[in-house]
2 protein chains.
Amino acid sequence: MSSQRERAAFIDHLKSHGHRITGERLALFDEIFEQHRHVDAEELLAALHRKGHRISRATVYRNLDLLVACGLVRKQRLGQRRYLYEHIHAGQKHDHLVCRSCGRVVEFVSPGITAMQREICRAHGFSPDHHQFQILSLCAECVAASETQPSH
Amino acid sequence: MSSQRERAAFIDHLKSHGHRITGERLALFDEIFEQHRHVDAEELLAALHRKGHRISRATVYRNLDLLVACGLVRKQRLGQRRYLYEHIHAGQKHDHLVCRSCGRVVEFVSPGITAMQREICRAHGFSPDHHQFQILSLCAECVAASETQPSH
DNA sequence: ATCCTTGCAAACAGTTTGCAACCCT
DNA sequence: AGGGTTGCAAACTGTTTGCAAGGAT
């Protein structure tokens, strides 16, 4: 299991903040660190139930916020209605390319664009260190679909 | 009134699509073309009521979608829960810098970054022509606030 | 006189919250 | 034992929709 380090960090964070180590928290942690894509709360809940855990929806939401507070999970709206969550993995900061139609998410890394983002943030008095970046477009499938069947 | 051309285009669109020209539609059109910032449905509704129009929330939503279908209004989620609307003005395509904390929106134009976006879209099989681009960060005020009063 | 539009209220989707029972420590 | 945590259901926010009344053509 490659998330041993993060799991330990999570447990430390819980202890040092006077939070308790519960089965629900560990199960949720394990689930989101097993997922290698962007998932929403409902998907996590369903996956946990499928594995026999008796966790509730409210607990999933509450503890996702906790994981975000620990800095172990990223929570973001990627154009869609729902929040998407992803566990944070080691070094490389990536950004997101999102299909506006089907919601598909692709990660990308582009040093050049990162430098430009920083510059734009700086130019407008925004923090260059807290930026996050999204390109919303249409994936090939959805372009094809919209050409076959125009929207009106 | 600088939106005469668009107003005429709207009326033409209505006629040519068998839609009716109603007071509510024209009032909503005028309101969103008077606003020079990103507004949400609730703000538009409130502004219309303030001016004495008796339009309902449902009608605002329905006709905002219509304006989007005409290509006169842009509807997007900029990180926040609500959709934001802006009327489309003449030539320059701009992108958005959004404060993740207070929701403040700044428009920017950057030819260099546009070229890079296109390249990233192309590299991942997304449509370079339908892209839209957001940088989510923290504005100076919110950075200052979070330093004075850390989140926990 | 048509039949598209409107307003109202109810439905919806996703997330948050109040409260009593529960169970980590 | 004590108090943070859980599950349930209800509340909430923002948007959409069904339906009867109303109004543009």
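These figures come from a predicted structure and were not determined experimentally.

## Digging into the pairing of strand β2 (residues 83-87) of chain A
Residue and element names in this part refer to chain A. Here β2 lies mainly inside the structure; four of its five residues are buried. Of the pairings in the sheet, the one linking strand β1 (residues 73-77) to β2 comprises five bridges and is antiparallel in character. Paired with Gln 76 across the bridge in β2 is Leu 84.

## Considerations on the relation of the copies chain B and chain A
Least-squares fitting of chain B to chain A yields an RMSD of 0.1 Å, with the transformation described by 0.0 Å of translation along the axis and a rotation of 179°. Here the transformation between the copies is reduced to the relation of a two-fold axis. For chain B, the minimum C-alpha distance to the rotation axis belongs to Gln 134 of chain B and amounts to 2.6 Å. Mapped onto chain A, 100% of the interface residues of chain B again fall at the interface, so both copies present the same surface.

## Brief notes about the interface of chain B and chain A
Taken residue by residue, the interface counts 37 residues in chain B and 37 residues in chain A. Of the roughly 3,100 Å² buried where chain B meets chain A, counting both sides, 68% is carbon and sulfur surface. The three residues of chain B that bury the most area against chain A are Arg 77, Ile 120 and Phe 126 of chain B, which together make up 20% of that side's buried surface. Counting the contacts that link chain B with chain A gives zero salt bridges. The interface formed by chain B and chain A holds 13 residue pairs in polar contact (both at pLDDT 80 or more) in total. Those elements that provide at least two residues to the side of chain B that touches chain A are β3 (95-99), β4 (105-108), α5 (111-123), β5 (132-137) and α6 (140-148) of chain B. Among the residues making up the side of chain B that touches chain A, the classes are represented as 18 nonpolar, 14 polar and five charged. Both strand β5 (residues 132-137) of chain A and β5 of chain B contribute to a ladder of five bridges, which runs antiparallel. Each bridged residue has a counterpart across the sheet, and for Leu 136 of chain A the counterpart in β5 of chain B is Gln 132 of chain B.

## Quick notes on the domain arrangement of chain A
All names here are of chain A. Each assigned domain of chain A is listed with its residue range as follows: domain 1 (1-90) and domain 2 (93-152). Taken together, the contact between domain 1 and domain 2 spans ten residues of the former and eleven residues of the latter. Of the roughly 790 Å² buried between domain 1 and domain 2, counting both surfaces, carbon and sulfur atoms make up 48%. Inspection of the region where domain 1 meets domain 2 yields zero salt bridges. On inspection of domain 1 and its partner domain 2, the count reaches five residue pairs in polar contact (both at pLDDT 80 or more). Those elements that provide at least two residues to the side of domain 1 that touches domain 2 are β1 and β2. Here the element with the most residues in the side of domain 1 that touches domain 2 is β1; it accounts for three residues. By residue class, the composition of the side of domain 1 that touches domain 2 is two nonpolar, five polar and three charged.

## What about the protein's contact with DNA strand D?
Looking at DNA strand D, there are 22 residues lining it, with Arg 20, Arg 25 and Thr 59 of chain A together with Arg 20 and Tyr 61 of chain B nearest. Within 4 Å of the protein, the contacting atoms of DNA strand D are drawn from sugar and phosphate to the extent of 66%. Within the side chain of Ser 56 of chain A, an N or O atom sits 2.8 Å from a phosphate oxygen of DNA strand D. In this structure, Ile 21 of chain B approaches DNA strand D through a main-chain N or O atom, which is 3.4 Å from a phosphate oxygen. Here the residues of the surface near DNA strand D are counted per class, giving six nonpolar, five polar and eleven charged.

## Here's the deal with helix α5 (residues 111-123) of chain A
Residue and element names in this part refer to chain A. Between its first and last C-alpha, α5 extends 19 Å over 13 residues, near the 18 Å set by a 1.5 Å rise per residue. Of the positions making up α5, those classed as buried are Ile 113, Gln 117, Ile 120 and Cys 121. One side of α5 holds all its buried residues, which, seen down the axis, span an arc of 100°. Pointing more than 90 degrees away from the buried face of α5 are the exposed residues Pro 111, Arg 122 and Ala 123. Taken from the residues just after α5, Gly 125 is the one with a positive phi, measuring 75°.

## Some thoughts on the side chain of Arg 25 of chain B
Residue and element names in this part refer to chain B. Of note, Arg 25 is situated in helix α2 (residues 23-34). Buried within the structure, Arg 25 lacks any salt-bridge partner; Glu 24 is the closest side chain of opposite charge, at an N-O distance of 7.4 Å. Contact partners of Arg 25, with chain neighbours within four places excluded, come to Phe 10, Leu 14, His 19, Arg 20, Asn 63 and Leu 66.

Conventions we followed
Along each chain, numbering runs from 1 in the same order as the chain's sequence is written. The naming scheme follows written order: chains are lettered A onward, ligands numbered 1 onward. Local features in this predicted model are restricted to residues of pLDDT 70 or higher, and side-chain atom pairs are both shown and tallied only at a pLDDT of 80 or more, whereas totals for entire chains, interfaces and linings draw on every residue. Side-chain descriptors were evaluated using all non-hydrogen atoms of the structure, hydrogens and water having been removed beforehand. Each residue is assigned to one of three classes by its accessible area relative to the maximum for its type, calculated with a 1.4 Å probe on protein chains only: buried under 20%, partly exposed between the two thresholds, exposed over 50%. Runs of E in the DSSP output that reach at least two residues are strands. Runs of H or I that reach at least four are helices, and both are numbered from the N terminus. Should DSSP find at least two bridges between two strands, the strands are regarded as paired. Copies are brought into register by a least-squares superposition over C-alpha atoms of residues with pLDDT of at least 70 in both. Only heavy atoms matter for contacts: two residues are in contact if any of them lie within 4.5 Å across the pair. As used here, buried area is the combined drop in accessible area, with a 1.4 Å probe, of two parts when they are placed together. When a carboxyl oxygen of Asp or Glu lies within 4 Å of a side-chain nitrogen of Lys or Arg, that pair is called a salt bridge. Here a polar contact is taken to be a pair of N or O atoms separated by no more than 3.5 Å, where protein atoms must pair a possible hydrogen donor with a possible acceptor and residues adjacent in sequence count only if both atoms sit in side chains. When residues are sorted by character, Ala, Val, Leu, Ile, Met, Phe, Trp, Tyr, Cys and Pro go into the nonpolar class, Asp, Glu, Lys and Arg into the charged class, and all the rest, Gly among them, into the polar class. By convention here, the domain bounds are inherited from an automatic or database domain assignment. Summary of the distance rule: residues count as near a molecule or strand when at least one heavy atom falls within 4 Å of that molecule or strand. The span expected for a helix works out to 1.5 Å for each residue beyond the first. What the arc describes is the spread of directions from the helix axis to the C-beta atoms. Positive: Lys, Arg. Negative: Asp, Glu. His and the chain ends are not part of the count.

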